[in-house]
Amino acid sequence: MPDTETAAVEKPKWWHRWFRTPSELREMGVVGINMRNARFLLPNNPRRLYELVDNKLRTKALAEEFGMTVAETYCVVRNPHDANRIDKLLDGREAFVIKPTRGSGGKGIMVIYKREGKNFVKPSGTEVTPGDLRNHVSNILAGLFSLGGKRDYALVEYRVQPATLLTDMSFQGAPDVRVVMLHGYPVMAMLRASTKESDGRSNLHQGAVGIGIDIATGMSVRAIHHGKPITHHPDLGICLIGVQIPDWDTILHMAVTCQEMTGLGYLGVDIMIDESMGPLMIEVNARPGLAIQMANGIGLMRRLVPVVEQHAKNPTADLETKIAFSKKHFRAKLPEPRD
Amino acid sequence: MSAQSKLLTAVAALVAIGGGLAAYKSQKLGVPFWEDQRVDEWLVEAKISFVATGRKVTAKLSLPAEAAGEKTGQESGSLGYGYHIKENGDKLTAVWSSPEEREDAQALYYRIRFKGGLESGSEEIPAIGKPETPEVPDLPGSLGVAANSIVNRALSTSGDPDSIFVTLFRQINRENASQEYLLVKRHYEKMSLSDPNIAMGIDLLGMAGIPARLSYGVRLDEENSGQRPYALLEYYDGASWKVRDPLEPTKVPDGREVYVWHRGGGPLLDLDGGENSRVTFTVVKDRIPLARLTDLRESPFLISTILALPASERAVFRYIVLIPLGAFIVVLMRNIIGIPTLGTFMPVLLALALLEIKPVQGIIMFSILVGAGLWFRFLLSRMNLLVVPRVAACVVIVTLLMMLMGVISYQLGMSVGIKITLFPMIIIAWTLERMSLIWEEEGKHSAIVQVSGSVFVAVCAYYFMKVSQIQYWAFYFPEMLLLLLAFILLIGRYTGYRISELIRFKSFTNA
């Protein structure tokens, strides 16, 4: 077992129950918020590019231009008139997702997975009346969920039906893969699966599970819940380690293409894997969080520094070269495959 | 130039300018750098405002006796008016006169500074010759009888003028005075004088053969800017004139609380060519000796001219200079310690509010208002209102809650309740809206953590702003804010861990 090996090397200290010293964290290459902002976000992500990723309509249009698969848009609600007849606009759609186009952190997303008579049903089984639906859409239009409370549009799109391999690992909500990149080199990836506590959402600080994925192979290597390593899903009891994510190469290609199309230096790309359509680009995040390093058990610094050096050496590397570099250098110690 | 060297240049420049100015001020100009080296001086500003009626204006303001002294500084400010001080015996009068006709609102200023201390200007003045026996007012019918019996009773129980004065005013000040007092009191109140009680006291003292007259003072209270003259009473005890506060007849006025501005009878202000006149006073405690201040004002630093502003404008700066200090604490708490707050600068506003109210009361009030408001906000959310009407509804509810709290605490006899209106409403309404959104979106845990984080940061900022040495520097050495700015810029490039991250990553293990 690799875990016991590292534990033997690293002697636990009494204070590890409460905190880590800055030098210990630096030793492990952990990146803090200040470091992320000052060294990676601010110099590489010019403010004007944020509009591309903060507005989902623009991101989607751009992604289609670059030949990426995205979830089909059913309709975009831009005015209160359409908001009032949303249930008619969606006639014949069995399942769909409603999102604010400028939302962040999963705010304001409503998933409907089937209809029951006049009403709609959420994955949790809660029924939603057409009135509730109209209301949710008007709230989105009023800017309740958007950054800075700006007026917003509501986007209604195809509900991704993830492969059973993935749905088995998540309590309700569909798990998504996040790939973090610097200068177009994938540096770290994780799968985020919801729990009963996170209520269908995949934000780790709300109690979702983060599953670290090996960049080279796409196999899950480690999982954390509330910052602590786990091996099994807290609600479902299923083993989370040693799972091979399907279409891994397509996912990496998609992620790197997102970097090329947005021009952002440091970004995270969220991808969902549909049972029939394969990987779909969901959104691009210009300020990806730091929990991914805990999910992988590796400080981001250890991966960002080699990329910075490589980028300085060869600033015009193409997509394939970048992926090859990442696969070669960011290989994790693989666990026994599950089953 | 790289970003790094630009930053370092800026920081070096700020430190050089800020530190240099501060050093120059304290070394060359002799402005005390430490608060405990300061000299307390009071600056009292009298402002005469009136509406000119289109004629030539002459205004005469009676001045305190100190104005004659060499050690006190005085000056007057008034554009286009001729100004001189007229001396008549030991009575001083400032005279302004306009060479041409004047119209519209006019303002004249007179400032005087003097050392703080026990002297209030109320020391006894020996009379030159015996003052005339006062005229006894004509009180009609039953009033005259009542007044006479009051005076006779006072004369029979107490012999000397001092105790007669005390006896009379104790009765006048009482809520449940005897029938006779009430009768006379009502008569004076009907005459619509500005100080019916004092007018009545002067007449009663006159009937008892004690000469008395109205005198004016200024309360040495920095908070109360633009205060009206404080009516005092001066009476003759057989040898000299004494000034007393009729509300506290037994006490000699304390030089730390009251400054006697006008004595010796006669009007405080004599105005010709204007109407609707009023005299207001603003008091500021100055910590720099006068001589230094003059140097400072003549020095070429624009920023030092804060000290040359009229006292009433300067009072505003007392709070404004504290805002950067609060902002600094927020930066420290968020970027170095990593305490989550609701919005970036909401804690600064909250801290300023706490400066007005006391922190414990302020926080209790804030919690009650936010708690109750949140509850209403959830009731509202069931009605599925649109965003803007919902925020507006929140504002209405918060207003009503504030009024309710004001009334309840007044009924319970707490004076805090009245001050509640000072609590910036907008902070509460905004906090409610943000908090309830976070509550719905991220759960109550995040919402409570962020609100308590904000309150904690606000309390830290409050205690930081409260340190008198820091207040002193911010006000008298505003260029030190440049040093603060340099420090904030440096924190802006801090890439180390936040303290909260040491805890967040405590179970980080290498795979």
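In case you missed it, the structure is sitting above this.
Now for a look at the structure at hand. Since the model is a prediction, treat every value here as computed from it, not as a measurement. (Residues numbered from 1 in each chain as written. Chains lettered and ligands numbered in written order. Predicted model: local features only at pLDDT ≥ 70, side-chain atom pairs only at ≥ 80, totals over all residues. Heavy atoms only, no water.)

Details of the overall build of chain A
- In terms of helices and strands, chain A carries 13 helices and 14 strands.
- Counting the 339 residues in chain A, one finds 57% classified as buried.
- Put simply, of all contacts in chain A between residues at least 6 apart along the chain, 63% involve residues at least 24 apart.
- A total accessible area of about 14,800 Å² is found for chain A, and carbon and sulfur atoms account for 52% of it. (Helix = DSSP H or I, 4+ residues; strand = E, 2+ residues; numbered from the N terminus. Buried < 20%, exposed > 50% of the residue type's maximum accessible area, 1.4 Å probe, protein only. Contact = heavy atoms within 4.5 Å. Areas by Shrake-Rupley, 256 points an atom, 1.4 Å probe, with all protein chains shown as cover.)

Quick notes on the overall build of chain B
- Along the backbone of chain B there are 17 helices and 13 strands.
- Going through the 511 residues of chain B one by one, you find that 45% of them count as buried.
- For chain B, the proportion of contacts with a sequence separation of at least 24, taken over those separated by at least 6, is 77%.
- Only carbon and sulfur atoms are counted for the fraction: they give 60% of the accessible area of chain B, which is about 25,000 Å².

Quick look at the packing of helix α3 (residues 33–44) of chain A against helix α12 (residues 301–313) of chain A
Residue and element names in this part refer to chain A.
- Two elements in contact, α3 and α12, have axes whose closest approach is 13 Å; the angle formed by their N-to-C orientations is 10 degrees. Relative to α12, α3 is oriented roughly parallel. Residue-level contacts link Met35, Arg39 and Phe40 of α3 to Met301, Leu304 and Val308 of α12.
- Taken together, the residues that form the contact of α3 with α12 break down as 5 nonpolar, no polar and 1 charged. (Axes fitted to C-alpha atoms, helices over the stretch in contact; angles between N-to-C directions. Parallel < 35°, antiparallel > 145°, perpendicular 65-115°, else oblique. Nonpolar A, V, L, I, M, F, W, Y, C, P; charged D, E, K, R; others polar.)

Brief notes about the packing of aromatic side chains
- Using the criterion set out here, one finds 24 aromatic pairs over all chains in the structure.
- Relative to Phe508 of chain B, the ring of Phe505 of chain B lies with its centre 6.3 Å away and its plane at 80 degrees, an arrangement referred to as edge-to-face.
- According to the relative accessible area criterion, Phe505 of chain B is buried, its value standing at 0%.
- An aromatic cluster is defined as three or more aromatic residues linked by ring pairs; in this entry it consists of Phe33, Trp34, Tyr472, Trp473, Phe475, Tyr476 and Phe477 of chain B.
- If you follow Arg93 of chain A out to its NZ or CZ, it ends over the ring of Tyr74 of chain A, 3.8 Å from the centre. (Phe/Tyr/Trp six-rings, centres within 6.5 Å; stacked < 30°, edge-to-face > 60°. Lys NZ or Arg CZ within 6 Å of the ring centre and 35° of its normal.)

Side note on unusual backbone geometry
Residues and elements named next belong to chain A.
- The phi dihedral of Gln172 is positive, around 50 degrees, even though this residue is not glycine.
- Position of Gln172 relative to the elements: it lies in the loop between α9 (164–167) and β8 (176–182).
- The phi torsion at His183 lies on the positive side, around 50 degrees, for a residue other than glycine.
- Its place among the elements puts His183 in the loop between β8 and β9 (185–193).

Remarks on the sheet that holds strand β5 (residues 119–121) of chain A
Residue and element names in this part refer to chain A.
- Pairing is antiparallel in the open sheet, where 3 strands are placed in the order β4-β5-β6. Two strands close off the open sheet at either side, each with one partner strand: β4 (114–116) and β6 (127–128).
- As paired strands, β5 and β6 are joined by 2 bridges and run antiparallel to one another. By the bridge assignment for β6, Phe120 is matched with Val128. (Pairing = 2+ DSSP bridges.)

Focus: the sheet that holds β8 of chain A
Residues and elements named next belong to chain A.
- Overall, antiparallel pairing links the 7 strands, which are arranged β12-β11-β10-β9-β8-β13-β14 in an open sheet. Strands with a single pairing partner mark the edges of an open sheet, and in this sheet they are β12 (228–230) and β14 (278–285). Along the sheet, successive strands turn relative to each other by an average axial angle of 30 degrees, direction set aside.
- As paired strands, strand β13 (residues 266–274) and β14 are joined by 7 bridges and run antiparallel to one another. Residue Ile271 lies in a different strand from β14, and its bridge partner there is Met281.
- Sheet strands touched by α12: β8, β9 and β13. Its angle to β9, the strand with the most contacts, is close to 145 degrees.

Description of the nonpolar core
- Judged by nonpolar contacts, the single largest core of 77 residues is most densely connected at Val177, Ile245, Met281 and Leu300 of chain A.
- Here this core gets 8 residues from one element, more than from any other, and that element is helix α10 (residues 248–262) of chain A.
- In contact with Val177 of chain A, other than residues within four places in its own chain, are Met190, Leu191, Ile213, Ile245, Trp248, Ile251, Val269, Asp270, Ile271 and Ile273 of chain A.
- Listed in part, the 58 residues of the second largest apolar core include Ala94, Phe169, Tyr235 and Phe281 of chain B. (Core = buried A, V, L, I, M, F, W, Y, C linked by side-chain atoms within 4.5 Å.)

So, the packing of helix α8 (residues 323–337) of chain B against helix α9 (residues 346–356) of chain B
Residues and elements named next belong to chain B.
- Relative to each other, α8 and α9 sit at 130 degrees, their axes nearing to 9 Å. Between α8 and α9, the interaxial angle falls into the category oblique. The handedness of the crossing between α8 and α9 comes out as right-handed. On α9, the residues that touch Ile323, Gly326, Ala327 and Val330 of α8 are Pro347, Val348 and Leu352.
- Of the residues contributing to the contact of α8 with α9, the split by class is 6 nonpolar, 1 polar and no charged. (Left-handed = near helix turned anticlockwise from the far one by under 90°.)

With respect to the interface of chain A and chain B
- In this assembly, 42 residues from chain A lie in contact with 27 residues from chain B.
- Roughly 3,200 Å² of surface becomes buried between chain A and chain B when both sides are summed, with 53% attributable to carbon and sulfur atoms.
- Going through the elements one at a time, α2 (22–28), α3, α8 (130–141), β12 and α11 (291–296) of chain A are the ones with two or more residues in the side of chain A that touches chain B.
- When the residues that make up the side of chain A that touches chain B are grouped by side-chain class, the tally is 18 nonpolar, 16 polar and 8 charged. (Buried area = accessible area lost by both parts, 1.4 Å probe.)

Remarks on the pattern of salt bridges
- Applying the stated rule across the entire model yields 19 salt bridges over all chains.
- Three or more residues joined by partner-sharing salt bridges are found here, namely Asp176, Arg178, Arg192 and Asp270 of chain A. (Salt bridge = Lys/Arg side-chain N within 4 Å of Asp/Glu carboxyl O.)

Describing a nonpolar patch on the surface
- Taken together, the side chains of Trp14, Trp18 and Phe19 of chain A together with Ile503 of chain B present a nonpolar region at the surface, about 490 Å² in accessible area.
- For Trp18 of chain A, the position within the fold is in the loop between α1 (2–9) and α2. (Patch = residues over 30% accessible without salt bridge, like charges linked within 9 Å, V, L, I, M, F, W, Y side chains within 5 Å.)

Things to note about α3 of chain A
- For α3 of chain A, with 12 residues, the first-to-last C-alpha span of 15 Å sits near the 16 Å given by 1.5 Å per residue.
- On its buried side, α3 of chain A packs onto β8, β13 and α12 of chain A together with α8 of chain B. (Expected span 1.5 Å × (residues − 1).)

Details of the pairing of β14 of chain A
- Here β14 of chain A lies mainly inside the structure; 7 of its 8 residues are buried.
- Taking the residues that link successive antiparallel strands as the turn, the β13 of chain A-β14 of chain A hairpin has 3 residues.

Side note on the pairing of strand β2 (residues 96–100) of chain A
Residue and element names in this part refer to chain A.
- By the criterion of burial, β2 is predominantly enclosed, with 5 of the 5 residues buried.
- As judged from the 3 bridges shared by β2 and strand β3 (residues 110–112), these two strands associate in the antiparallel manner. Residue pairing for β3: Val97 is matched across the bridge by Val111.
- Strand direction decides the pairing type here: β2 and strand β7 (residues 154–157), joined by 4 bridges, are antiparallel.

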